[in-house]
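# Structural overview
Listed here are the chains, written in short residue letters.
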Amino acid sequence: MLERAKALLQPSARSGVPPFMVMDVMAAAERLEAQGRTIVHMEVGQPAAGAPASAIAAVRLALGNGAHGYTAALGIASLRRRIAQSYAQWHGIEVDPERVVVTTGSSAAFMLAFLALFEAGDRVAVAVPGYPPYRHILSALGCEPVLIETNATTRWALTGDLLLAQHRVRPLKGVVVGSPANPTGTMMTATALREFIQSAEDAGIAVISDEIYHELDYAFRAQSAAALSANTTVVNSFSKYFCMTGWRIGWMVVPPSLLRAVERLQQNLAISVPTLSQIAAQAAFDGRDELENIKHGYEENRRILLDGLPRAGLDSFLPVDGAFYLYVDTSRFSDDSFDFAKRMLEQAGVAATPGVDFDPIHGRNFLRLCYAGSHDDMREAVKRIGAWLKG
Ligand SMILES: Cc1ncc(COP(=O)(O)O)c(C=O)c1O
């Protein structure tokens, strides 16, 4: 009887996705802090700043007004309009508010997009190095993530040629592309993204463009796929530029033919997105000046690291175009980035994420540093890493 119950309660094979190692680094850093150590946190990809004042003020007001029931599954109409308007204001692109869907962070947008577009068993390409939940969500949904290695020759981005080569091996149904990318911080030029989308869509491969790091672009302006094709599903979020990770709110711009499917899925999977977060998100657009100041802070952090890290001994990294990540090649010091990150944490007091989290193939040679903290933290990190590597 006990054996039968045990068999019943076995987790499903599809739930066997790997853990997100960055959370393990964070826990190890917290244990050291509990022992009295000071740690410079560069492991987790989240802004040190909170939501803009305009968002907080709107929520305070809404709390006094009482009615916080469900909203329409696709989101509050005025928020959908405000999101569409931001494309016109910030990118000069016309986006129909009807195509905007509010989601519980971009994480939920990926689930909705994958479910709306793909059947179990479909092959969907993702770049390596890349954000691990793309492939883990796909496998939990029964799809087959197809890893495509990128390297310096393609500026660490997917290209049409790389994609079509995989498509010839066995047909692909979709591809996820991100620019600026996590963990690399590199971006695709407008031309590269246009050519990529064209190649994919000509071959019948659906494109999902993760634009969560848009507005955090330093090398050149990030191009939205919304300007390039009405058939691409665009995913974005209030987590990064808007500094609202814990509010769990994001959005998609979906092709008109997918809208009803996404609406039905959202109705059933979530009913609607938290109402207060939607109110906060709409008001966050009024915090543009505050958010631009925060962005300038990241630019300064980037400058401190680009100037300081080579002197500290870490002089090989991928193009640091956008987001708030620097992906460092540590192969000169170790071929085990997990062990390197562990020693750097314990001995130098700097927490970073090992590349193996993002790249099962070459990640043992890389570390990801997040520079969304304070200028002082960046200077301290450079000092500590330099002393540690030279000591
Ligand atoms: C590339 C990328 N996409 C999506 C997400 C998910 O973010 P959220 O669900 O908070 O919008 C993250 C979070 O770090 C990310 O780095």
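## Quick word on the overall build of the protein chain
Across its full length, the protein chain carries 13 helices and 12 strands. Taking 2.2 N^0.38 as the reference for a compact globule, 391 residues should give roughly 21 Å; the C-alpha atoms of the protein chain span a radius of gyration of 21 Å, in line with that estimate. Principal-axis analysis of the C-alpha atoms gives the protein chain an extent of 60 × 60 × 55 Å. Split into buried and exposed, the 391 residues of the protein chain put 52% on the buried side. Partitioning the contacts of the protein chain with sequence separation of at least 6, the portion at a separation of at least 24 is 74%. Accessible surface for the protein chain amounts to roughly 16800 Å². Of this, 53% is attributable to carbon and sulfur atoms.

## Description of the site of the ligand
In the neighbourhood of the ligand, 14 residues make up the surrounding shell, with Ser107, Asp210, Tyr213, Ser237 and Ser239 lying closest. The contact in question runs from an oxygen atom of the ligand to an N or O atom on the side chain of Asn182, over 2.7 Å. Between the ligand and Tyr213 there is a distance of 2.6 Å, counted from an oxygen atom to a side-chain nitrogen or oxygen. The protein chains hide 91% of the 400 Å² of surface that the ligand would expose on its own. A class-by-class count of the residues in the shell around the ligand yields 5 nonpolar, 6 polar and 3 charged.

## Structural notes on the sheet that holds strand β7 (residues 233-237)
Pairing in this open sheet of 7 strands is mixed, and the strands run β2-β8-β7-β6-β5-β3-β4 from one edge to the other. Sheet topology places β2 (100-103) and β4 (144-149) at the edges, where each strand pairs with a single neighbour. Across the sheet, the mean angle separating the axes of adjacent strands is 25° when strand polarity is ignored. Both strand β5 (residues 174-178) and strand β6 (residues 206-210) contribute to a ladder of 5 bridges, which runs parallel. If you follow Val176 over to β6, its bridge partner there is Ile208. Packing against the sheet, helix α5 (residues 105-117) makes contact with β2, β5, β6, β7 and β8 (250-253), and its axis sits at approximately 165° to β7.

## Let's talk about α5
Residues separated by three or four positions in an α-helix point in the same direction, a consequence of the helix having 3.6 residues per turn. With 13 residues, α5 extends 19 Å between its outermost C-alpha atoms, agreeing within 8% with the 18 Å of an ideal straight helix rising 1.5 Å per residue. Considered for burial, the residues of α5 that qualify are Gly105, Ser106, Ala108, Ala109, Phe110, Leu112, Ala113, Phe114 and Ala116.

The rules behind each value
Residues numbered from 1 in each chain as written. Predicted model: local features only at pLDDT ≥ 70, side-chain atom pairs only at ≥ 80, totals over all residues. Heavy atoms only, no water. Helix = DSSP H or I, 4+ residues; strand = E, 2+ residues; numbered from the N terminus. Rg over C-alpha atoms; globule rule 2.2 N^0.38 Å. Buried < 20%, exposed > 50% of the residue type's maximum accessible area, 1.4 Å probe, protein only. Contact = heavy atoms within 4.5 Å. Areas by Shrake-Rupley, 256 points an atom, 1.4 Å probe, with all protein chains shown as cover. Near = heavy atom within 4 Å. Polar contact = N/O pair within 3.5 Å; in protein donor to acceptor, adjacent residues only side chain to side chain. Nonpolar A, V, L, I, M, F, W, Y, C, P; charged D, E, K, R; others polar. Pairing = 2+ DSSP bridges. Axes fitted to C-alpha atoms, helices over the stretch in contact; angles between N-to-C directions. Expected span 1.5 Å × (residues − 1).

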